[in-house]
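# Analysis of the macromolecular model
In case you want the letters, here they are:
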Amino acid sequence: MANRISKRDQFSSQWGFILSCIGSAVGMGNIWLFPFRAGQFGGAAFLIPYIIFVAIIGYTGIVEEMCFGRAMKTGPQGAFLKATRRRGSNAGEYIGWIPVIGSLGIAIGYTVVVGWITRFMVGAFTGSMLAAENSGAYFGSLAGSFSSIPWHFTAGAVCFVIMAAGVSSGIEKVNRFMMPAFFCLFVVLALWVARLPQAGQGYRFLFHIDWRALTSIKIWVYALGQAFFSLSLAGSGTVVYGSYLKDDENAPASAQFTALFDTLAALLAALVIIPAVFAYGLEPSAGPPLMFITMPMIFKEMPLGFLFATIFFVAVFFAGITSLINLYETPVEMVQQKFKLSRKASLALVLGIGGAVGLIVEDGAILGRWMDIISIYIIPMGALLAGIMFFWVCGTDFVLDEVSKGRNKRMGAFYAVQGKYLYCGLTLAVYILGIFYGGIG
């Protein structure tokens, strides 16, 4: 065991780890859901509860998952087992399957979406996307049953190539390039959109604060859901990435940067999409219609639309791929550790399962139900269980020892209290409210 752990791959630097965590967090929730939620719930007023929840969750939840993985030197299934063994039980071996299943389930659906993004990126390069007479029909031809198999499998193949190279040589290197590139490309888009006639209406819509909205419970509920899911808390991917983090790295600092840049990504997406939508008199919408119907319609009308459609979908592809490799890393790591398979064999098995099940859920209507079930019932449960394992099962002394690694000053006892009651309580609220509202993130 000691020999295997000593050979465990690691991130080569703290910034490589931070960029990889940012890559896991920045995804479709930032790009197609945040702008819609901001417009739906009082414009800038939505930012107030959203930032509050990001600060709370970033300080507790992200740090918890990073440190839990680092302490146990394994992903959630092995980490849960080691945690319960501290209390004389092997129950964690079975409970730990929940976040693994959640991560694989979301990865399966997300692969289909990244396949769609890949098709639109290629369509932007070739001009076929903008040449399509009807953007809705163009997307519809891709979102039916067995309609995007080549693109779906291409997304899986890209993940295989990146992940087969390992943590430092594959995942870290790709995130070091793709995440800075994502932000640079979206800054270019935001600057160009600012030049469009009527873009000012979009800025007023986005930054106007409707203070009355803060009296509605719904704005707080959906801000909590947006913050929770946007930060990629699931008791899985961040735990696995944490298991590759060196003991002398400062996990709380890494969590702060992750939360900050994830929020900046959401704001950048809003600064691109909302003004562009208003400039061309369209309605902001959530989910695939915004990305695959509304934005292509805008690019058709926009000066240099070909160029900016290409920039947009390349940036979105980077966000999708970096999130997807994080989702697949959880089941891949578990297969490696539990069944002693090589990394490439584990990748082939997991991606093979993902591809096969993905064929069943490729249809847009089925995919929506699949993603809702996983995100409402399994993902928050995995995050809650990880929080319970770390803060409650492992104990306060363990928590403070692990969180203090790499820091000049030991973390105060209040952190453990906040994690036990506030973070675990909020995560339980996400689970219950998600069921009640039919999804909040």
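Residues numbered from 1 in each chain as written. Predicted model: local features only at pLDDT ≥ 70, side-chain atom pairs only at ≥ 80, totals over all residues. Heavy atoms only, no water.

The number of helices and strands found in the protein chain is 21 helices and zero strands. Computed over its C-alpha atoms, the radius of gyration of the protein chain comes to 21 Å, within 12% of the 22 Å expected for a compact globule of 441 residues. Nonlocal contacts in the protein chain, meaning residues at least 24 apart in sequence, comprise 83% of its contacts between residues at least 6 apart. Roughly 16400 Å² of accessible area belongs to the protein chain as shown, and the carbon and sulfur atoms make up 67% of that amount. (Helix = DSSP H or I, 4+ residues; strand = E, 2+ residues; numbered from the N terminus. Rg over C-alpha atoms; globule rule 2.2 N^0.38 Å. Contact = heavy atoms within 4.5 Å. Areas by Shrake-Rupley, 256 points an atom, 1.4 Å probe, with all protein chains shown as cover.)

Further remarks concern the packing of helix H7 (residues 97-126) against helix H10 (residues 149-164). Following both chains from N to C, one finds H7 and H10 inclined at 105°, their axes separated by 7 Å at the closest point. Judged on the interaxial angle alone, H10 and H7 are roughly perpendicular. Contacts between H7 and H10 involve Thr111, Val112, Val114, Gly115, Thr118, Arg119 and Val122 on the former and, on the latter, Trp151, His152, Thr154, Ala155 and Gly156. Residues belonging to the contact of H7 with H10 are distributed by class as follows: five nonpolar, six polar and one charged. (Axes fitted to C-alpha atoms, helices over the stretch in contact; angles between N-to-C directions. Parallel < 35°, antiparallel > 145°, perpendicular 65-115°, else oblique. Nonpolar A, V, L, I, M, F, W, Y, C, P; charged D, E, K, R; others polar.)

Here we come to unusual backbone geometry. Of note, serine 232 is a non-glycine position whose phi angle comes to about 60°, a positive value. Residue placement: serine 232 occurs in the loop between helix H13 (217-230) and helix H14 (237-243).

With that out of the way, let us pick up the pattern of salt bridges. Across all of its chains, the model carries nine salt bridges by this definition. For the salt bridge of aspartate 401 with arginine 410, the shortest nitrogen-to-oxygen distance reads 2.9 Å. On the basis of relative accessible area, aspartate 401 is assigned to the partly exposed category, the value being 40%. Several salt bridges converge on common partners, so that one network encompasses Lys73, Asp247, Glu402 and Lys405. (Salt bridge = Lys/Arg side-chain N within 4 Å of Asp/Glu carboxyl O. Buried < 20%, exposed > 50% of the residue type's maximum accessible area, 1.4 Å probe, protein only.)

For threonine 396, the position within the fold is in helix H20 (residues 396-403). In this structure the C-alpha to C-alpha distance between threonine 396 and isoleucine 62, which are 334 residues apart in sequence, comes to 17 Å. For threonine 396, the residues in contact, after removing those within four places along its chain, are Ala416 and Lys420.

Tallied over the entire structure, the rule returns 38 aromatic pairs. Aromatic side chains tryptophan 116 and phenylalanine 139 sit 5.2 Å apart centroid to centroid with 90° between the ring planes, which places their arrangement in the edge-to-face category. Taken together, the positions of tryptophan 116 in helix H7 and phenylalanine 139 in helix H9 (residues 135-140) put the pair 23 residues apart, joining distant regions of the chain. The exposure classification of tryptophan 116 matches that of phenylalanine 139, with both residues buried. For the ring pair phenylalanine 139 and phenylalanine 292, a centre distance of 5.0 Å and an interplane angle of 10° mean the geometry is stacked. Of this pair, phenylalanine 139 sits in helix H9 while phenylalanine 292 is found in helix H16 (residues 288-301), placing the two residues 153 residues apart along the sequence. Judged by relative accessible area, phenylalanine 292 falls into the buried class, the value being 0%. Against the face of tryptophan 392 rests lysine 420, its NZ or CZ located 5.0 Å from the ring centre. (Phe/Tyr/Trp six-rings, centres within 6.5 Å; stacked < 30°, edge-to-face > 60°. Lys NZ or Arg CZ within 6 Å of the ring centre and 35° of its normal.)

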